[in-house]
Structures are given as structure tokens and as C-alpha cells.
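Structural description and commentary
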Amino acid sequence: METFGKRYHPPGTPPGTLTRHGAGGLTQIRLFEYRDEHFTETVSPTSQHCLAATKNDWLDWLDVTGVHDPTVVNQLGEVFGLHPLALEDVLNSGQRPKIDVHEQYTFLVLNLPHWVDDEIALEQVSLFISNDHLLSFCSGNGSAFEPVRERLRKGFGRIRSQGVAYLLYSLLDVVIDSAFPLLEDLGEHIEALEEQVLENPDKAMLHTLHQLKRDLLLLRRALWPQREVVSRLLQHDVQWRDAAMRPYFSDCYDHAVQVIDLIETYREMLSGLLDIYLSSVSNRMNDIMRVLTIVGTIFIPLTFVVGVYGMNFENMPELKWQNGYFGVWGVMIVLAILMLAAFKWRKWL
Amino acid sequence: METFGKRYHPPGTPPGTLTRHGAGGLTQIRLFEYRDEHFTETVSPTSQHCLAATKNDWLDWLDVTGVHDPTVVNQLGEVFGLHPLALEDVLNSGQRPKIDVHEQYTFLVLNLPHWVDDEIALEQVSLFISNDHLLSFCSGNGSAFEPVRERLRKGFGRIRSQGVAYLLYSLLDVVIDSAFPLLEDLGEHIEALEEQVLENPDKAMLHTLHQLKRDLLLLRRALWPQREVVSRLLQHDVQWRDAAMRPYFSDCYDHAVQVIDLIETYREMLSGLLDIYLSSVSNRMNDIMRVLTIVGTIFIPLTFVVGVYGMNFENMPELKWQNGYFGVWGVMIVLAILMLAAFKWRKWL
Amino acid sequence: METFGKRYHPPGTPPGTLTRHGAGGLTQIRLFEYRDEHFTETVSPTSQHCLAATKNDWLDWLDVTGVHDPTVVNQLGEVFGLHPLALEDVLNSGQRPKIDVHEQYTFLVLNLPHWVDDEIALEQVSLFISNDHLLSFCSGNGSAFEPVRERLRKGFGRIRSQGVAYLLYSLLDVVIDSAFPLLEDLGEHIEALEEQVLENPDKAMLHTLHQLKRDLLLLRRALWPQREVVSRLLQHDVQWRDAAMRPYFSDCYDHAVQVIDLIETYREMLSGLLDIYLSSVSNRMNDIMRVLTIVGTIFIPLTFVVGVYGMNFENMPELKWQNGYFGVWGVMIVLAILMLAAFKWRKWL
Amino acid sequence: METFGKRYHPPGTPPGTLTRHGAGGLTQIRLFEYRDEHFTETVSPTSQHCLAATKNDWLDWLDVTGVHDPTVVNQLGEVFGLHPLALEDVLNSGQRPKIDVHEQYTFLVLNLPHWVDDEIALEQVSLFISNDHLLSFCSGNGSAFEPVRERLRKGFGRIRSQGVAYLLYSLLDVVIDSAFPLLEDLGEHIEALEEQVLENPDKAMLHTLHQLKRDLLLLRRALWPQREVVSRLLQHDVQWRDAAMRPYFSDCYDHAVQVIDLIETYREMLSGLLDIYLSSVSNRMNDIMRVLTIVGTIFIPLTFVVGVYGMNFENMPELKWQNGYFGVWGVMIVLAILMLAAFKWRKWL
Amino acid sequence: METFGKRYHPPGTPPGTLTRHGAGGLTQIRLFEYRDEHFTETVSPTSQHCLAATKNDWLDWLDVTGVHDPTVVNQLGEVFGLHPLALEDVLNSGQRPKIDVHEQYTFLVLNLPHWVDDEIALEQVSLFISNDHLLSFCSGNGSAFEPVRERLRKGFGRIRSQGVAYLLYSLLDVVIDSAFPLLEDLGEHIEALEEQVLENPDKAMLHTLHQLKRDLLLLRRALWPQREVVSRLLQHDVQWRDAAMRPYFSDCYDHAVQVIDLIETYREMLSGLLDIYLSSVSNRMNDIMRVLTIVGTIFIPLTFVVGVYGMNFENMPELKWQNGYFGVWGVMIVLAILMLAAFKWRKWL
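Residues numbered from 1 in each chain as written. Chains lettered and ligands numbered in written order. Predicted model: local features only at pLDDT ≥ 70, side-chain atom pairs only at ≥ 80, totals over all residues. Heavy atoms only, no water.

Attention shifts here to helix α5 (residues 164–177) of chain C. Between its terminal C-alpha atoms α5 of chain C stretches 20 Å, which fits the 20 Å expected from 14 residues at 1.5 Å a residue. The buried fraction of α5 of chain C amounts to 14 of the 14 residues, a majority that puts the element mostly inside the structure. (Helix = DSSP H or I, 4+ residues; strand = E, 2+ residues; numbered from the N terminus. Expected span 1.5 Å × (residues − 1). Buried < 20%, exposed > 50% of the residue type's maximum accessible area, 1.4 Å probe, protein only.)

As C-alpha cells, then:
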């Protein structure tokens, strides 16, 4: 599963070297400029346009999706004066979520998990925030941000009247909350397994349990550091954040903690499930073996008895008895009943 | 078990959006106004009444139970000037316990566990405390607070003569202590299992152990953060708390720690129990298999012997011996005794 | 085992409500007043006497054992001006060890473990220390403190010439060191088991291992917080403690850490033992099954051979051979030897 | 595997004693002097040369590879005024990564992992950094630093125009990133095993799993402390580091954390794999035993039946029936079908 | 193994009570006085001599080995003005390593592990350091310190020209490094086991694994706290330590961490080994059982067939066929081959 990998340069490459990675989707750039009732959206703006946007006193959000082309990233990096190492992180997806507070801007890397054909995939979201600009790069198709774009376009809620910190909060909220539907799916899956495991454990479950464990491991690795990112966002005193935004970021923090909480809970439930699965399988196997062995054990002495009277000694008085044969049957039936009773009494049956 | 879930908005919803969740019980509002001997209780007060109450110099407790209706919460939020994100937390039950210190008020979220038909259910208790108001929302029917209401009505103890912090303490105490009866039930269950597991492990136990483990996991997740909430309540220097209340909150803290302690102890006992259960089951199975295999093993050579004398060779001298048959019986009996003795000597039987 | 339980009030009871718990032993009160050569001991002093004692400039130790009667505790609480919540903790044994620093006095709760008929029981020791008074409550019969009383009566060592902090140290030392004889017993038990488990694992061991695990779990829960209590005693700057006492409390701290160290070591040894036990049992079972199965496997082909010559075909040339019977015996003996050799060679035997 | 060992002096040896360890590769010394366009490289410089280099105002990097000879290290130590204990650490490879901030220089020890014939080997890299000198010792052949040397020689990127801190960063980057290709190999190995383990678990896998676990354990021990080293490099305020280097070391830190993250993730995946392997093996074994036992169990009663009619009683009416033989066949076939059906119905087959 | 025990006083004994413990080796006292070229060694000095030594301006090391006699310790304690509780710790070996900073001196307790007849034994080393005196007590024969004494006597290295801190460092270095040879032995043992466990797991290994686990547990408990002791030595600003000693103590700290690192690594390797051992044993057992069961299963139907033709029905047409007997052989051989092929095809063989 390539989602675990990180694209890295071979050791020794000069820092800030930008390389083009696999084709992927199309790169799309949108520039949103707004202030209260004012709002313009420009698709695929030119560098000049972007540069102009940074100079006027509107807020602007440059929204880049499907990041694969180093030249585009490089150009934007020059326009906004971003550090080459940060640009490297933008292009090499698979980064660990982090926050870097530079003098001019704050740089955030986040992971946005979603289902792709029953596998969890991670989109890397990289955000540069400064006084009144927000620059977002999304390694995937960026459809998760569509509701935020809609709210901007239609002027729903407070989004247009607030500063750039509110926009950041809106995106952060989308990124963090995107884990909830995944976790709910995993949770339902686990609960379905729980019922099944006690009644009818089969071999396919082992595979499913293993798959779920991997998914949770992946999610944990991708989302655990996000809590710290938001926590540092709460502590740092950055220019672009006013006090009124504190409850919003605090709310994000609560959600990030809740996500981790759920992941840990599901991990514990899964490891409990594995124990139960193993016990159930072993109980079932033991039941089978016990019953079969008992059947065998009842017939062994009987087979011995019939073997005795199959011997060809010339002098075997029983063979000549008129009711010898029927007597042997009687003896064998009594023997079998006694053995069954003994097993029953010992609670082996 | 839906108790694990959290009701969340789809990612991208504007913050502070209030939505109506499942019908549930009736919403009931009670307004308690009191100061020393003065005491009035108003059921279902109007917004105007509430607003008036916040202005006079009596203490007042607005006690809302069965919270499902966003309009009610919204109205109260406006009257008391509460943050929309806090109101969102009130309505979306399944929050992690937390404390948010706002300028005007302190906001607490707590979990109140109780039995509902042999399953642990959690009621979410949300509290807003300011200088002389306490606003409580309870997602369940709020019957757990009845003793506190009674003490207020009858003027028992110090409750009427103390400030709002004492009322908060009384509610906190109820919420935290509500875990003790549950834990005692679980503890008795575990101890009953302990005796049974060594004597008579059966398959149903696996199910019970698993159920108990889940219950403790749920409780741990719900109650662990409450310790931190109370601890931060002890540290924070909030306006409405005077020094004399410190021992009371410190007592709450001790109880919260004790709850966690018990949960952890029970969890360790349970995991010990699972080990013992598995060993017991395997010991029992081994006993059965060993005895049965030994029975089989004794008869196998005997069956071979009788097979030998069932052969039809023309020249088999033993067959013609007068006492051949009885000799063979003798040999077989000796053989069986020798084998039994060998097994006994090796402590296999 | 009721030692795990905590006696708690039903949720909602007004704080500081004192209730009488089970009969237990007799309550006995002793008042020790001393200063250098001066020493008086009063058994069952009156409240007036106690009040007088607090006013003179002698040191005094009010030593209460067998605490079950709320009225006694209430009276003393009033004489010494103690907080009702602290009194509640004194009466409700099963508290977690803790230290509360009030303005007038320091309140300590400790656990004193000892054997009662092969089970570990905990006595709760509650101490109130102020400038020159020490008030001790012991939920058991208090016999553990007898050596300290003797040293006071006879004037051994420095105890009479030192302040109340030295008396506190003496009691603390008794409480913490009381764990060592128990741990030594447990340690010897574990080492005895270690030798046995590798040679002769039997089913009763499972029960013993489980019992030891429980005992250590109980001890850990009861004694772990005592380290923190002593540590905070070392840090806090309380009036009644002079600098010269530091090495003494530091010594207590070392002992408390050593106790925890031993408990953790024994817990690890026990869990190692359980692993070894399970492996030993499984090894033994495997040995039995292997040998028995091999015996069976050797006879199965032989029994087949004799079955062949028990067939009644009219045309079976071997049957008519003069030495057919003896030849078959030869074949079977060779077959058995070959099989044994093969098993030996594969190291299965 | 000697990679785990540390070469140590016998206890009691005077500190700073330098001893010659195993032959190993050739020691090679290179001196790089540079400043912007200026650049000279001297292979095997004399002590005098080195001393001169420390005095001019160019930056210089003394690059020593294949460190085994105490005299060489001793000479350099004298030239640069290094502490004897630091020199001891240089020679005794197998040190734990660490950072020591001396007054005159900062001393770093790092581990550079690489594959040697399918086994992970560690080269120890020791770095002394001062205002404008960097002295590096590499216990291996130092080929990992070749790209950095090339960049210096050809003047690629910023390396010549920046201070000594940038050179340090370049080396650090090589050392830390050298773990990624190894981890990628291990990761691919683990994923290949994952697919195999569910379908076709064989005994060789146990060996492979164990080997991978060891490799990860070794890597973890070698690389875990590097995170702390870089973290302390970020915090310490050393003379030779200017503020502009912060993002570079911060990038190194992110990589070091990512390495640890991957190691921990792989460790968890491996331990999950072991569980799955054991379950798979046990499932397969159970399948075999179940089917074989069922086959046995079906024939046991049939063999009993044929045994019955092999008895030699004179009076056995069935033997004389015309169709007795065929009837017995019928009975046996019916019996076998019934048993198969019962097993099928119980889902044992 | 008595190495785990701690000699303790019965609870309630007055603090500072010195009691004589088991005979043990002879107590030997040596007084080293030195300053640069000056050096005198006095064996068994008198108290007066010691007192005089404390007054002159030479450095002196009073080196006491084989500490069992309370009177000797008491005398020295009075001469040097040591706290009675510290003397108690000196006599009661089995203390946890610790550091106590008193006003007049610093008191250290350390553990020196060494092999005694294939078992790990711990010598307790207690050190009192003040401005220019060092007082060392060693519970064993103190032979580990012989190299340090030699260096003092012969004036090797810097030892005579440095202060008391350097002497302390020399002893500390011996104590901490004494763990390396032990750990190397354990490491070799573990690696030898690793090779054996995969090829030829036998029952004796279980015992060895358990023994190694115990040894590591003992070492961990004894050596873990030494890291903290050295760390606090680095932090504390004590009179007798000058800045130049920092690298030396820092070197000790590195070694102490390395020791712990090795112990933890070996513990993980051991627990991995136990898993592998159990899997190997179970794999081997499964192999045996599978092959044997298959052998049994092949013969069961064949035995049934020969049983059929051993029946005595009068009308059994096959018996009269000319080649019936040979036909049956053919049928049976075909049957056996088919079964073998089926097992082969299912990969059961």
C-alpha cells in the first residue's frame, strides 16, 4: 500500500531541489479575493495577478489543488517569498503533519484522509498563512474544500466578514473532521465483526482484522501529530490571529483529540477482538476434537472385543455357546453405555 | 452500541450550526432562584423571566434536562450571551469532558454514566458558570440531580447559604460519584467470574469477559478526561470561586482519581482473568485428550494381539494349544496392567 | 475480596455527612503529652482534656484506633477545628493515599498493609499534623504503632526531644516499612513457585499465580500513591517542619520508592512465571501426546498386516506356506524396528 | 551480529586511553578549504597544513574516513585542541548518538546505517564543529559523503557561499536520510510477507520475521537518539549557527522524526504479522487435524461392524443369510452417509 | 536468589539503628593521602590518623571494603560527621542507587554488578564526597577498585594532580563500566540461543531463557537508577566540582545510558526469542502430529478393507474369486497412492 511511503530524495541531494512526481490529477489554481460583500474568484490566475492580490487590502486565498508540477510551486514560492525547504515539503507528499512558524508566515502540513475504493488514502494539505493571505496546496483533487469555497462564494455565515484566521479555521475544521466519517465506517465494521466473531469465527475474519489494524495504524500515524499542530497554533502568538479566534481553534483541538481518542479506542477493541477470535477458533476446534476423540474412544474397546472372538483358537469355549454371539452384543452395548455415562458424568460430552 | 458514537456535522458545515437530534425525552426547564432563606422554583420559565433572573442579586440555577431542541438552546444562548461553538457542544452529545474558561463564564462538559437495561449509557452534562448564575444542560432526564434539587428546596446543609461554586461542586460531586455504583456492579461481576473461571470455565464466559472489557473501555474513555477537568478547575483562578471552596473541589478531584484507579485495576483484573480462562480451558481440554488418548493407546496393542490370532495361516502352533486362548487373555491383561503402570509412573494419568 | 472496595455515600448526599460503618474492633483513644523528660499518657481522655492539651506548650499525640464511630470523630473534629470533608475521609476507609495542606494543619491518608489469615488487608491511617499536635486515626487495631508508643513511653532514641515532625516521621516509617515483610513473603512464594514450575507444573499453580497477581495488584494500587505523598511532604514548606528533618523524610521517600520497585519487579517475575508455566504445561502435554501417538502409529501398520491374513479368501497362497506365520512375525518385527529407528532419527522420540 | 556490540575498555582503564581497533579499511584524510569561488582539496594533508588551515579565514572541512589508527586521531586532537574523552568516543565505534557542547567546539556522534550483504551495518560519524572548521571522522569508507564533496568541488547550490553550519547541515542531512532507503527495503519486505502470510505460511517465515525484528530493533537503538541530537542542535545557541540556518536544522529534525515514526510503524506491523502468522499456522494445522480426525472417525464404526462379522461364533444367524454380506455393505454405506451428513450439518467439514 | 532481597529493620525500629549483618569477607581499611608527587598509603589506619588526615591540606581517600561491622562504620561516621541514616544505608546493602546532597558532603549509593559462579551478584558501593575527602564503602571485597588504587600508587595519568572530583569520576567509571563485560556475556549467550532456537528448540532452553530474563530484570532494577544519579551529579552545583570535570561526568552519563540501552535491547531480544521458541516448539510438534496422523489416516481405510474380507458370511462371492486376494491388494495400493497424492496436493505432507 503506497500510502505508507514517503517520496524522498536520494540522500545527498542539495536541499530545496524540486522534482516532478508521478502524473496524478490536473493542477488547478483558484484565487479568491474578498472583503465583506466584495468577492471575486479567478480560475488559473497569472503570477502577476497573484502578486497584485498580495498588495491590495482585500483578503485572498490562493487555492492550489493537484500539486505535482515543481514549476508551478516554484513560481508561487517566488511570488510569496516562501522558503525552498517548505516548497520541497509541499511537493513531497507523505510528510508528517507539522507547524513551522517563520517570520513572514506560518507553514502548516496536514493530512486529509478519505476512502478511495475501500482503502484509506491521504491527501496532503499544505497551508501558508500570513497577515491577510492564505495559500493552500492540496495533493489530491481538493473536493473536500468545496463546501468552504461555496460558503465564500455565497457569503454564508461569518466567513467573509472575518480575517484570514477564520478561513484557516474553516479549512482546518474540514481537514480534522474528515476523519470522523472514516472512523464511523471502521467503527461499524468492528461492531459487525464483534457479533460475528463469537458466533461464527471463520478464516476470512483474520484477514479483515489484519486489514482494519493496518488502517488504524495508518490513520494513527497520519493524524496523531495533528493534535500537536493545533495545540501549538493555540499557544503561539502569531500576528494574524486575534483573541476572538481562540474558541474556534480550541474547538478544532477538541476534535483532533476526539479523533485520536476514537482511534485508540478502536485499536483496543480490535486487539480485544483478535483475542476473542483466537479463543473462539480454539474453542470450536477443541469441541470438534473432543467429540470425535470420544467417538473413537468408545469404539476402540468394542473393536477389541470383536477382535477377540475373531481369533481362531481351537479351544475357545464361548464360541460354542448357543447365545455367545448375542451375549457379546449385550456386553458391548452395556460397555458403550457405561462409557457414555462416564463421559457425561465428567462433563466431557 | 451507539454509546461510542459522537454525533457530528458533515465536514464543512459552518461552525455553530445547531441541528435537531433524535426525539428523546421531553425538554424540561426549571429556574431556581435562592439566597439564604429565599427560594423560588419556576418550571418552564420564559426568556424574559430568565433575563430578569440574571439581573437581580439572587443566585440562580437554570436547570435544563432532555436537551434535543436547538431553538430552546439557541434562545438561552442569546439570553446568557454564550458562544455558538459551546452551544453546538451542548446539542451534540458524545463530547469528551472538557473545561473552557471564557471571559464571561466557564464552560464544562461532563459525562454521567448510568445503567440502562444492563448496558452503560452516558448522559452529557454541560455547565455554564458565571459570577452568580449556573446554567446546566443534561442530555438525559436529569433524575440524578434530584437530590441536589431537594436539598435546595428544603434548605438542607449549606447549599443555600453558599455561592454558585458550592452549587457547581454539588453537581460535580453527583456526576463523578455516579460512577461508583456502576464500578461496584462491575467489580462484583468480575469477582463472581474469578471464582467460576478456575472451577468451571465455559464458553459463555468468553462473551461476558468481552462485554465487561468493552464496558470498562467505554467508561475509561468517558471518565478519564474528567480528572483533568477537575484538576484545571483547581488551578484556574476564576472570579466565582473563593478560597474556601478549594477543599471541596480537591475532594472531587480525589474521587475522580479513585474512579480512574478502579477502572484501571478492573481492566488489569479482567486481562488477568482472560489469561486464566484460556489456561483453564486449555488445561481442561488437555486433560480430556490425555485420558482419551491413553485409553486408545492401551487398546491398540491388545487389538493387534487379537488380530494376530485371527490370522488364517494353516500352520499356527499356538492355535492348537489347549490353553492358548486363555494364555492370550493372560498376556493381554498383563500387558494392559504394565502399560497402566508405566503411565502412572510417568504421571501421565 | 472486600479489600478492593471503597465505602462511598450514595451520589447526591450532602458533603461532610458522617455515617457509622460496620462494628469492627473497639475504638480506643490515647493522649500522649511529652516534652523532653516530661511524659504523660491518658487513656480515653475527655474532650475537655484534649482541648486543654492543645493549649499548653507540650507536644501531644492523640492516637485513635479502631475508627468506626462518627460521633467520636465529629467531637474531635470540632475540638481541633478540622474540615468536615477530611473527617469524611477518615471514616470512609479505602481512600487513596493523599496529602492535603490546609492552612491550620496538614492532612495525610496512608495505607498500612498486613497479613490477615493469608490475605492482605489494608488499615487506613489518617494523620492531622499542626505545629505541635499530631492526631492519628487508624481504621484497624493500631498494633503496628506499638513500638513507637513504647519508644515514647521509655524515652528511647531522640523521639521525645524532637518536634512533632519527628513523631510524624516515626509513624510514616512504620507505615511504609510495613510493606517489606509482606513483599518478602510474596517474594519467597514466587521463588518457590519458580523452581516448581519448571519441574512439575500442576493445575493448582494457576490458582496460586492468579492469587499472587491479585495481591500485587492490590498492593500496587494501595502503595503507589504513597511515594507521591512523601515526595510532596519533602517539597512543601510547612511550618512544623525544620530543615534538620529533611534527611529523615528523604529516607522515607527512598523506602517508598524501594517498595514500588519491588512490587514492579515481582509483577514482572510473575508474568514471566505465567509464560513459563504455560510453556511447561504445553511442553508436558506435547510430550505425552507425541509418545502416545507414536505408539499408536507403530501398531497401525502391524494391525493392518494381521488384518490382511485374517481375510478369508480361498486363494491366499501365503496361508499355506509352512512358515508363513513366522514370516509374518518377522516382517512385522522388522517393520516396527524400522519405524522406531525413523522416529529416533527424526528426533521425534 | 557484532553490530550490536560496543568496543569498550576494560573497567578501570585511565580515561582518554586510545587503543587501536581491528584493521578495517584504509584511513584517508582530505582537507577542503573554500570560500565562495575559492576552493582547494588536499588529500592526506600534514599536521602543519591542518594547523595553517585553522588560522586562515577560509572555511575548512577536514574529512577523515576509515578511523582505526589512534596515532592519527591523537595528532589531529592535538592540532585542534580536542578533549581526550571525545577522541576516545571517535575511536570506539558503537557509541550512542549524542551532542556535547564544549566551549571551543560542538561534538556530535551520529550513526549512518547502510546495507552490507543483506545485513544492516552502522558507520559511526563523529563531527567537531567550531566557528569555521568542521572535522569529520567516519568509521567506514565515507562513500556516503561523496555527493557533498562533489557539490563542494563543483560549487553546486549554496554550499560554498554559506558558513560551516550549512556544511554541517549537508552532512547531517546525508546521515539522517540514509535511513530512508533501508526503511523502504524493510517496508517492501514486510508488505511482501503480509501477502504471503495469509495464503501460505511456512516455517521459513518465522526466521525472516525474527530477522526483520532484529534489524528494526538495531535501527531503533541506533537512530532514536538522533532525534534528540538534532532537537538540541535547534535549541542550543551556538556561536557558529546563524538564525537563517534554523529552517534547515528544523527540516533535519522533521526527517529524524519521520525515521523514528517509520521504524515504530514497521515494528507494530511486524508484531501484527507475527500474530497473524501464528494464527494462520494454527488455522492450517487445525484444518488438517480436523479433516484427518473426521476420516478416522467415519471408519472406526465401520471397522467395528466388519469386526463383528469376523467373529467365529458357531451360532451367528446373520452369517447364514443369503444377502447378509450385501446387507452389511448397505448398513455401512448408510452409516457413513449419516455421519458425513452430521458433520456437514455441524459445520465440521 | 538472595540478590533481590533488601536487608531491612523490622518496622518500628528507631532510625539510625546499626545492626551487624552476616559475616561475609574481612573488613579492610586503606587510607590514601596524596597531592601531586606526594603519596602515602596506610592500611588499617586508626581513628586519630583519619581525623588528622581530614585536617591537613592533602587529598585523602578512605577506602573501606567488606563492610559488615557496625562499630567500624559508626566510628568513621563520628570522625567525618555523617548522618546516622546514611550510615544505616551503608550497612544495609541492597539499597537503590541514589544521591543525597547534604550541606557538608554528597552521599552516593551505587551498585557494582559482577559474576559469582554464573550468577550475577551486586556489591553496594557507598561514597561520601566533600571538599577534599572521599570516603568509600564497598560491601564486597573491593577488587574492582584495584586498578584505580594502582593508578594512584604509580601516579599514572592525571589522577594525582586532580581534585577529589577526578577520584570520584575514576570510581564512578569503574562502577558503571563493570556492567559492560556482564552485558557482553549475556549478549553472546542470547545470540547463541538465537541460532539454536530456530534449528533445535529443546526444553532446557525454556529454563535458560527464564534465567536470562531474571538476570536482566535484576540488572535493570540495579542499574536503571544510576543514570539518574549521574544526571543529578551533572546538574548539581556542588562545591567540590570544578567546570573542567563536566566532560568526565558527562562521559559517565553516556555510559550509564548505554548500559540501560543494552539492557532494554536484550530484554526485547529475549522476549522476541521466547515468542520464536514457542512458535518453533509448536511448529515442530505440529509437524510430528501431522505426519503421524496422516500415517494413521492412510491405514484406517485399508484396515477396514481387510476387515471386510475377514467377515465370515457364507455368501461372499469375492472370496471365491481366483484372484480376489490379489485384487484386494491392488485396490488397497491404489487407495493408498490416491490418499498420499491428495495429501501432497493439499500440501499437508
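Still more to cover.
As a further point, take the relation of the copies chain D and chain E. Each copy of the sequence occupies a distinct position, and chain D is placed on chain E by a rotation of 72° and an axial shift of 0.1 Å, giving an RMSD of 0.1 Å. Taken together, the rotation and translation relating the two chain copies correspond to the operation of a five-fold axis. Among all residues of chain D, the minimum C-alpha distance to the rotation axis is found for G310 of chain D, at 4.5 Å. Of the interface residues in chain D, just 12% have counterparts in chain E that sit at the interface too, so the contact is made through distinct surfaces. (Least-squares fit on C-alpha atoms with pLDDT ≥ 70 in both. Contact = heavy atoms within 4.5 Å.)

Time to look at the sheet that holds strand β2 (residues 38–43) of chain D. Strand pairing in a sheet takes place through backbone hydrogen bonds and is either antiparallel or parallel in direction. All names here are of chain D. Read from one edge to the other, the open sheet built from seven strands follows the order β2-β1-β3-β7-β6-β5-β4, with strand pairing classed as mixed. Edge strands, defined here as strands with exactly one partner in the open sheet, are β2 and β4 (98–101). Each adjacent strand pair in this sheet contributes to an overall mean axis angle of 15°, direction not counted. Examined bridge by bridge, strand β6 (residues 119–129) and strand β7 (residues 133–138) share five bridges and lie antiparallel to one another. Residue pairing in the sheet places V125 in a bridge with C138 of β7. Here helix α3 (residues 84–91) sits on the sheet and contacts β4, β5 (106–116), β6 and β7; the angle it forms with β6, its principal contact strand, is near 155°. The strands that helix α5 (residues 164–177) touches are β1 (28–35), β3 (59–65), β5, β6 and β7; relative to β5, the one it contacts most, it runs at about 30°. (Pairing = 2+ DSSP bridges. Axes fitted to C-alpha atoms, helices over the stretch in contact; angles between N-to-C directions.)

Note: a rotation about an axis with an accompanying shift along it relates these two copies of the chain. With an RMSD of 0.1 Å, the fit of chain B onto chain A corresponds to turning through 72° and sliding 0.1 Å along the axis. Interface overlap between copies is the fraction of interface residues in one copy that are interface residues in the other; for chain B against chain A it is only 12%, indicating separate surfaces.

Before going further, it helps to spend a moment on the arrangement of the chains. Separated throughout, chain B and chain D approach each other most closely at a C-alpha pair spaced 9 Å apart. The two units chain A and chain E never meet; even their closest C-alpha atoms stay 9 Å apart.

What follows covers the UniProt feature "transmembrane region" (unreviewed entry) in chain A. Residue and element names in this part refer to chain A. According to UniProt, the "transmembrane region" (unreviewed entry) feature falls on residues 291–312 and 324–343. Counting secondary structure, residues 291–312 comes out at 82% helix and 0% strand; the distance between its end C-alpha atoms is 35 Å. Helix makes up 100% of residues 324–343 and strand 0%. Its end C-alpha atoms lie 29 Å apart. (UniProt positions renumbered as here; feature names shortened; annotations may be inferred.)

Attention now goes to helix α4 (residues 146–154) of chain A. Residues and elements named next belong to chain A. V148, R149, R151 and L152 are the residues of α4 that are buried. The arc that holds the buried residues of α4, viewed along the axis, is 160°, so those residues lie on one side. At its buried positions, α4 is contacted by β1 (28–35), β2 (38–43), β3 (59–65) and α5 (164–177). (Arc of directions from axis to C-beta.)

On to the interface of chain D and chain E, then. Taken together, the 60 residues of chain D in the interface contact 60 residues of chain E. Here chain D and chain E share an interface that buries about 5,500 Å² over both sides, 63% of which is from carbon and sulfur atoms. In this assembly, chain D and chain E are joined by six salt bridges. Here E268 of chain E and R220 of chain D are joined by a salt bridge, their closest N and O atoms 2.4 Å apart. (Buried area = accessible area lost by both parts, 1.4 Å probe. Salt bridge = Lys/Arg side-chain N within 4 Å of Asp/Glu carboxyl O.)

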